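Working through the structure, step by step
Chain by chain, the residues:
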Amino acid sequence: MVLAFLRNELDDSRFGFVVSKRLGKAVRRNKIKRRMREATRLRLPFIKSGFDVVFIARQPMRRASYQDIEQSLEALLKRADLWGQ
């Protein structure tokens with residue numbers, strides 16, 4: 001997974017999720033997006049506000065479990081210094 005972010009002028013952070021057609025048909029892509037959204041939703045209290053964040057899924061996400069997605073998402077947020085209030 002790849003993370004891209006920019007500071008915005010809002011009080012809240014906004015999130016986008018991108019899953020390419022290369023990762024599979026619509027059912028698989030939507031499942032990946034649902035998992036990414038849920039992992040983000042559960043971590044909202046810990047994510048800094050005032051950013052526009054885009055998560056981009058890559059090939060290994062096709063076989064990733066929900067726990068793998070959670071770990072990857074959290075690691076990316078910490079690495080980008082978006083973790084913690």
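Our subject in this report is the structure included herewith.

Scoring rules and cut-offs
- Residues numbered from 1 in each chain as written.
- Predicted model: local features only at pLDDT ≥ 70, side-chain atom pairs only at ≥ 80, totals over all residues.
- Heavy atoms only, no water.
- Helix = DSSP H or I, 4+ residues; strand = E, 2+ residues; numbered from the N terminus.
- Rg over C-alpha atoms; globule rule 2.2 N^0.38 Å.
- Buried < 20%, exposed > 50% of the residue type's maximum accessible area, 1.4 Å probe, protein only.
- Contact = heavy atoms within 4.5 Å.
- Areas by Shrake-Rupley, 256 points an atom, 1.4 Å probe, with all protein chains shown as cover.
- Lys, Arg positive; Asp, Glu negative; His and termini not counted.
- Charge placed at Lys NZ, Arg CZ, Asp CG, Glu CD.
- Salt bridge = Lys/Arg side-chain N within 4 Å of Asp/Glu carboxyl O.
- Core = buried A, V, L, I, M, F, W, Y, C linked by side-chain atoms within 4.5 Å.

**A few points about the overall build of the protein chain**
If you tally the helices and strands in the protein chain, you get two helices and three strands. Walking the protein chain from its N terminus toward its C terminus, one meets helices and strands in the order β-β-α-β-α. Taken against the 2.2 N^0.38 rule, which gives 12 Å for 85 residues, the C-alpha radius of gyration of the protein chain at 13 Å falls within 12% of a compact globule. Judged by the C-alpha coordinates and their principal axes, the protein chain covers about 35 × 20 × 20 Å. Across the 85 residues of the protein chain, 34% fall into the buried class. Sequence separation of at least 24 residues holds for 84% of the intrachain contacts in the protein chain that already meet a minimum separation of 6. Summed over its atoms, the accessible surface of the protein chain is roughly 5700 Å², and 50% of this surface lies on carbon and sulfur atoms. Taking the average location of the 20 positive side-chain charges in the protein chain and that of its 9 negative ones, the two points are 14 Å from each other.

**Digging into the pattern of salt bridges**
Across all of its chains, the model carries six salt bridges by this definition. The network of salt bridges with shared partners includes Arg43, Glu70, Glu74 and Lys78.

**Focus: the environment of Glu9**
Mapped onto the fold, Glu9 is located in the loop between β1 (2–7) and β2 (14–18). When its relative accessible area of 78% is taken as the criterion, Glu9 is described as exposed. Taking the C-alpha atoms as reference, Glu9 lies 9.9 Å from Ser49; in sequence the two are 40 residues apart.

**Some points on unusual backbone geometry**
Not every positive phi belongs to a glycine, and Asp81 is a case in point at roughly 60°. Here Asp81 shows up in the segment after α2 (66–79).

**Observations regarding the nonpolar core**
The nonpolar side chains of soluble globular proteins are, as a tendency, buried together. Formed by 21 residues in total, the largest nonpolar core has its most connected members in Met1, Leu3, Met36, Phe55 and Met61. Here this core takes four residues from α2, the largest share from any one element. Leaving out residues up to four positions away in the same chain, Met1 has contacts with Met36, Phe55, Ile56, Arg58, Met61, Ile69, Ser72, Leu73 and Leu76.

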